[in-house]
Amino acid sequence: LVYGCALPWTGMMEHQRKGRSIASHFVVVLLLLCCIKSVLSGDTDSAGKKSPGVALPPIPPAWVKRMAQGNMMVSTKDPSDLQFMPVIGNGYLATILLSNTTYVSGVYNGLGSVATNPSHRARIPATASITVENAEPYATAVDFERGVVYRLSTMVAHGGVNVDIEQRWYAHRKRLNMLVHEIQWNSTGSRDEFVDLKLRLNNGGPSADIHFKSQTCEYQSNVEVATGFIDTTEEPDGEPVFVSVVSTQVPAIMKGRLSGGFFRALTVIKTSLDTYTPQKDACGEYIAYINETSLLPQHMSTWGSLWASGIEVSNNSLALAINASFYEIYSNLRHDWMYGISPGGIGTNAYNGHIFWDMETWVLPVLNLFQPQLVKACLSYRVVRLQGARAKAAKLKYQGAMFPWESAFTGLECCPDIFPEGRYEQHISSDIALAIQQYYSATGDKIWLRANGAAVVFGIAQFWDSRVGKSGKQYVINQVMCPDESAGVVNNSVYTNAATALALQWAVQMGRALDLSPPYRNAFERWSDIASNMHIPYDDDLRIHPQYDGYRGQLINQNDACLLQYPLGWSMSSDIASEDLYYYIFRTRENGYFTGDSAYSVALLALGNVVLAATEFTKAFLHLKPPFNVWNERVEGGASHFVTGAGGFLQNIAFGYGGIRITPDHLEFLSFTLPPHTNHVKFRGVRFLFSVSPSSSLSFSHIDTHTYTHMYT
């Protein structure tokens, strides 16, 4: 129902352009009041119809307040497709509400690049997907700011007494190995009477990826212990990961006092990636915390510290979209677990849980402003796997480091051999180098760059040095795949060539700034020459950058030429930039990928085209799936819990409407435009070069129809 309140967003845009913004805002307020009235009345069941025999309680007033603040989404109806239930994760482990599966980041099963049963996330049967079968659910909620998912239900006990039940799930933010599910109930009934809750655990049956065996936990009853190795390692001679799962035994009947009670199902998962003795340590942690009363407050406090930084807006629908995006990203990252972030997050097996360019290009940029320690963890994932990138380059007869298109555990190529992307989609190496540049520019972290990042950047520069060819006086890169993979294998992808030139420039700048010796004689001069003379496709007649050599105007999935303007920041006149945008906007498929939509609006705002930027920005909301604002890769189809889309959307706010650019020594503001139907934006806790405190903020407010102010504190 709350999501329904956000639906007028698209229609309102045209009204505002025609001078009827007051009337359209009135309509939204009226709809919001209707939604709140419907939720408060408690007159619908999970199917939206009157529930016979059960009086459904109202939504808690505290929830209504948090909804209005943009911190919580509540629904009285489950999504028709349960993949759009909220994620419950902490960057180490994750699941989707009511899913039969839990995944651990970094735990994969299957050979790296084979077509049959390739490397993928190893499935762990769910231990917290619990439903109360004899109760009527009437509301589900996700609290973005506190990191907790709730489900309310009610039942009629003997004697006609109504019992209110609250279930809550959270992946503990401080104690990374813990997944917690708690059930609390209360009624006006007598303490001398009892109630039976019928519980059902949806665990999906045995795992095909891990051969679990039942074990015991010493001195502890009512506990399930399962341990086992993954079935197949990424490389034939690899060391299999060992997984230990210790969880509360879920009774079929939970008998408790009618007046109220509490039940906790605690899960502790440890693997050989994080300890030498997974079973012993998991049992010990379970015993230590199964009865710990401070688990929830401790989790909320740790999770809440992430939200000291963030983006505040005056529009509730936009606030819910922004906070849902941060929630999706934070649920999948942590500073002390360096296994990267895949397009579908940890809670799904989308794209086999592999790491792509999505991480560096779409998810990390905004985090440089708010959570740079998470960026460093992701880039460290690449550093640790540098040897795999060197091995791939050597296999293909190149020098340096050629990073895999799909990376999992080892850092070797995990794209199945039958697909060309693994060999030809090579821009990812440049994307990684440029992400390291942006992290360094934002933080000034010279210690990390010298000790870790520099070797990656130099390795990538060496790869491109050995990879480029020459045509006349220009350097060319033939036989590659563009970000728009629908083009197939082409020559001189405009994005790949430009990103390569910038990566080589950065390698030279970094080497000289850190006074590092080049990896071989005259390397800096050679790299500078390649960067300065790189062939960038351009059509003099159309005055546009073709997607690649030989592009003839066919439909595309996403605009690679637009990516030159953002995120690459390639130098060009505003006329050429405009021609690129207008030419490709009408050649982009309607059901394309969300990354393309986000780049369009950011680039348009930099050119000052607010109206067309708003049209492109609004397309993002087609990818937000109700009722919990879960990002989807495409309007129809594609990966759910698409963190790439969440990151791209946040870039719209910070780098598009905020006009922020991260340069080596300052934050630059190209321009500032308030998002549609918003009169105030605040970037809270912006961090730059570690010189800004988490309490600092950057605020923009509407003063009149012609003037905007900004304030930095």
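Since this is a predicted model, take the numbers as computed values, not measurements.

This structure, assessed with the given rule, holds 16 salt bridges. In this structure, the salt-bridge partner of D336 is R334, at a minimum N-O distance of 2.6 Å. On the basis of relative accessibility, which here comes to 5%, the residue R334 falls in the buried class. Three or more residues joined by partner-sharing salt bridges are found here, namely E166, R168, E182 and R264.

When two helices pack together, you describe them by how their axes are tilted relative to each other and by the distance separating the axes. Relative to each other, helix 12 (residues 427-443) and helix 14 (residues 494-513) sit at 45°, their axes nearing to 9 Å. Here helix 12 is positioned oblique relative to helix 14, judged by the angle of their axes. For the element pair helix 12 and helix 14, the recorded crossing hand is left-handed. Contact with helix 12, carried on its side by H427, S430, D431, A433, L434, I436, Q437 and Y440, involves Y495, T496, A499, T500, L502, A503, W506 and Q509 of helix 14 and no other residues of that element. Across the contact of helix 12 with helix 14, the residue classes tally to nine nonpolar, six polar and one charged.

Before going further, it helps to examine helix 7 (residues 316-330). In this model, helix 7 (15 residues) spans 21 Å end to end at C-alpha, consistent with the 21 Å of a helix rising 1.5 Å per residue. Capping the start of helix 7, N315 holds a side-chain oxygen 2.9 Å from the backbone nitrogen of S317, two or three residues further along.

One open sheet accounts for three strands, arranged 8-13-17; its pairing is antiparallel. In this open sheet, the two edge strands, each paired with only one partner strand, are strand 8 (130-132) and strand 17 (253-257). The average angle at which neighbouring strand axes cross in this sheet is 35°, direction not considered. Relative to strand 13 (residues 194-201), strand 8 runs antiparallel, the two being bridged by three bridges. When the sheet's bridge partners are listed, I130 is paired in strand 13 with L201.

Scanning all chains against the criterion turns up five cavities of 30 Å³ or more. Of the volumes computed, that of the largest cavity is approximately 60 Å³. Around the largest cavity, the lining is made up of 13 residues, and of these T95, I96, S99, A128 and S129 lie nearest the centre. Looking at the lining of the largest cavity residue by residue, the class counts come to eight nonpolar, five polar and no charged.

This part takes up the side chain of T618. Mapping T618 onto the fold places it in helix 19 (residues 610-618). Given the relative accessible area of 5%, T618 is considered buried.

So, on to the packing of aromatic side chains. Under the definition given, this model contains 32 aromatic pairs. A ring pair is formed by W63 and Y150, whose centres lie 5.4 Å apart and whose planes are at 50°; its orientation type is tilted. With W63 in helix 4 (residues 61-68) and Y150 in strand 10 (residues 148-156), this residue pair connects regions lying 87 residues apart in the sequence. Using a relative accessible area of 8% as the deciding quantity, one classes Y150 as buried. On the numbers, 6.0 Å between centres and 50° between planes, the contact of F458 with F524 is tilted. You can see F458 sitting in helix 13 (residues 446-467) and its partner F524 sitting in helix 15 (residues 523-532), a full 66 residues away along the chain. Of the aromatic side chains, those joined through ring pairs into one cluster are F617, F621, W631, F649 and Y657.

What counts as what
Residue positions are given per chain, counted from 1 along the sequence in the order it is written. Per-residue local features of the predicted model are confined to residues with pLDDT of at least 70, and side-chain atom pairs are confined, for both listing and counting, to 80 or more; whole-chain, interface and lining totals are unaffected and use all residues. Heavy atoms from the whole structure form the basis of all side-chain values; hydrogens and water molecules are not counted. The salt bridge definition used is simple: a Lys or Arg side-chain nitrogen within 4 Å of an Asp or Glu carboxyl oxygen. The cut-offs for exposure are 20% and 50% of the maximum accessible area for each residue type, with area from a 1.4 Å probe on protein chains only; residues under the lower value are buried, those over the upper are exposed, and the others partly exposed. The convention used is that axes are lines fitted to C-alpha atoms, helices contributing only their stretch in contact, and that angles between N-to-C directions extend from 0 to 180 degrees. Numbering of helices and strands runs from the N terminus; a helix is a DSSP stretch of H or I covering at least four residues, while a strand is a stretch of E covering at least two. These descriptions rest on fixed angle ranges, namely under 35 degrees for roughly parallel, over 145 for roughly antiparallel, 65 to 115 for roughly perpendicular, and the rest for oblique. Take the far helix as the reference: if the near one is turned anticlockwise from it by less than a right angle, the crossing is left-handed, and if turned clockwise, right-handed. The contact criterion used is simple: two residues touch if any of their non-hydrogen atoms lie within 4.5 Å. Residues are grouped as follows: Ala, Val, Leu, Ile, Met, Phe, Trp, Tyr, Cys and Pro are nonpolar; Asp, Glu, Lys and Arg are charged; all remaining types, including Gly, are polar. Any helix carries an expected span of 1.5 Å times its number of residues minus one. Each polar contact in these results corresponds to two N or O atoms within 3.5 Å; when the atoms are within protein, one needs to be able to donate a hydrogen and the other to accept it, and residues that are neighboring in sequence are counted only if both atoms are side-chain atoms. Strands are labelled as partners when DSSP assigns at least two bridges between them. Site definitions follow a grid-based scheme: protein atoms alone, a 1 Å grid, a 1.4 Å probe that fits but cannot get out for cavities, and for pockets an open set with protein on both sides within 12 Å along at least five of seven lines, plus lining residues having an atom within 4 Å of a point. Grid points are joined across faces, edges and corners, and a volume is the space filled by probe spheres set on the points. In this scheme Phe, Tyr and Trp rings, the latter by its six-membered ring, pair at centre separations within 6.5 Å, and the angle between planes marks the pair as stacked below 30 degrees, edge-to-face above 60, and tilted otherwise.

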